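Okay, here's what each chain looks like letter by letter:
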2 protein chains.
Amino acid sequence: MLLGDLIGFHLRLATTRMMNDLRPALADLELRPVLFAILELVRVNPGIIQMRVGDELGVQRANLVPLINELMKRGAIKRKIAKHDKRAYSLYLTATGELLHDRAKRVVLEHEERILKRLNATDRNKLRWLLDEVAVD
Amino acid sequence: MLLGDLIGFHLRLATTRMMNDLRPALADLELRPVLFAILELVRVNPGIIQMRVGDELGVQRANLVPLINELMKRGAIKRKIAKHDKRAYSLYLTATGELLHDRAKRVVLEHEERILKRLNATDRNKLRWLLDEVAVD
DNA sequence: TATTGTTATACTCTATAACTATA
DNA sequence: TATAGTTATAGAGTATAACAATA
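Everything in this summary refers to the structure shown in the same document. (Residues numbered from 1 in each chain as written. Chains lettered and ligands numbered in written order. Predicted model: local features only at pLDDT ≥ 70, side-chain atom pairs only at ≥ 80, totals over all residues. Heavy atoms only, no water.)

## A word on the protein's contact with DNA strand D
As a matter of local geometry, DNA strand D sits amid 21 residues, with Q50(A), M51(A), R79(A), R87(A) and Q60(B) nearest to it. The sugar-phosphate share of atoms of DNA strand D within 4 Å of the protein amounts to 62%. Between a base nitrogen of DNA strand D and a side-chain N or O atom of R61(A), the distance comes to 2.9 Å. Between DNA strand D and N63(B) there is a distance of 3.0 Å, counted from a base nitrogen to a side-chain nitrogen or oxygen. Listing elements by their share of the surface near DNA strand D, those giving two or more residues are α1 (7-27), α3 (50-57), α4 (61-73) and β3 (85-93) of chain A together with α4 (61-73) and β3 (85-93) of chain B. By residue class, the composition of the surface near DNA strand D is eight nonpolar, four polar and nine charged. (Near = heavy atom within 4 Å. Polar contact = N/O pair within 3.5 Å; in protein donor to acceptor, adjacent residues only side chain to side chain. Helix = DSSP H or I, 4+ residues; strand = E, 2+ residues; numbered from the N terminus. Nonpolar A, V, L, I, M, F, W, Y, C, P; charged D, E, K, R; others polar.)

## Describing the packing of helix α2 (residues 33-44) of chain A against α3(A)
Residue and element names in this part refer to chain A. Packing of α2 against α3 brings their axes to within 11 Å, and their N-to-C directions diverge by 120°. Judged on the interaxial angle alone, α3 and α2 are oblique. In terms of crossing hand, the pair formed by α2 and α3 is right-handed. Of the residues in α3, those touching α2 at A37, I38 and L41 are V53, E56 and L57. (Axes fitted to C-alpha atoms, helices over the stretch in contact; angles between N-to-C directions. Parallel < 35°, antiparallel > 145°, perpendicular 65-115°, else oblique. Left-handed = near helix turned anticlockwise from the far one by under 90°. Contact = heavy atoms within 4.5 Å.)

## Focus: the protein's contact with DNA strand C
Around DNA strand C sit 22 residues, and of these Q60(A), M51(B), R79(B), R87(B) and Y89(B) come closest. A breakdown of the atoms of DNA strand C within 4 Å of the protein gives sugar and phosphate a share of 58%. Within the backbone of M51(B), one N or O atom sits 2.5 Å away from a phosphate oxygen of DNA strand C. The set of elements that each furnish at least two residues to the surface near DNA strand C consists of α4 and β3 of chain A together with α1 (7-27), α3 (50-57), α4 and β3 of chain B. Looking at the surface near DNA strand C residue by residue, the classes come out as nine nonpolar, four polar and nine charged.

## Quick word on the sheet that holds β3(A)
All names here are of chain A. Pairing in this open sheet of three strands is antiparallel, and the strands run β1-β3-β2 from one edge to the other. At either margin of the open sheet sits one strand with a lone partner, and together these are β1 (48-49) and β2 (77-82). Sheet strands touched by α2: β1, β2 and β3. Its angle to β3, the strand with the most contacts, is close to 100°. Sheet strands touched by α4: β2 and β3. Its angle to β2, the strand with the most contacts, is close to 120°. (Pairing = 2+ DSSP bridges.)

## Digging into the packing of aromatic side chains
Applying the stated criterion to the full structure yields two aromatic pairs over all chains. Arranged with centres 6.3 Å apart and planes meeting at 40°, the rings of F9(A) and F36(B) form a pair that is tilted. With F9(A) in helix α1 and F36(B) in helix α2 (residues 33-44), this pair bridges two chains. Since its relative accessible area comes to 8%, F9(A) is described here as buried. (Phe/Tyr/Trp six-rings, centres within 6.5 Å; stacked < 30°, edge-to-face > 60°. Buried < 20%, exposed > 50% of the residue type's maximum accessible area, 1.4 Å probe, protein only.)

## Quick look at unusual backbone geometry
Residue and element names in this part refer to chain A. In this structure, E30 takes a positive phi of about 55° despite not being glycine. With respect to the helices and strands, E30 occurs in the loop between α1 and α2. With a relative accessible area of 63%, E30 lands in the exposed category.

Right, here's the structure in full:
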């Protein structure tokens, strides 16, 4: 390990390693990490506005469009015009989407366990908390 | 914050936020985060083999080639055939490269302080340690 | 046989600007 | 005026495969 003290380096490397494990694991379901993230977010927050998905995941709204289209073409998500705002779309999983998410979630949980096996529950909570403190305003 | 418990989400978002702050900060020097990472690694480990740089930063050797070329064209780094392996290149900063790195390092340290201002020294060390435990082996 | 650096390629990600329709 | 979604585009990141030179 030649890396220095800069947190950015360690963050970058941890992310790369995690994605290098997750990507092939999800490939069997023809999903990429970002697509799973969308499915998860919509599953847990049904009716969520499309823009909000972008905000939560750090994906700009322009870049979100083709991702949403991809999931709609596969019949995994559906949209309705938002109740109180005709400009916005509310997102929902279809039955197909829920099945896909169920299978993907299992793959992702196995992946997280594989990647975090050296950390106990306390450390994992601490890590989550520390990451959330990064770059908050 | 609608995000769930999955560490991957929090890692992804922290990385995005950090890069969104660092990228424009380095743009004044016409550097990108990955180029600074290479400068830093070569500065601290003069003579490092090109392949090793890729390993340390999680960049594949094929993708490293144009990055090294970019820094050589700018006269920031130079190469020599490695002492004990004619296939490999040892990398060094030029005087120009050291000056560029000095200026970039100042920008990066300010950036890290901005991003991590909510964390004290203990938390920062803990974060670095936790990130290093992610995906070892 | 395996490894370092290279080339080529395809795909994905990301940032930016401009447009529309609604608010 | 501002916001949600869209389109278009260019640049950067990433994965894969194949090759030459050397180990």
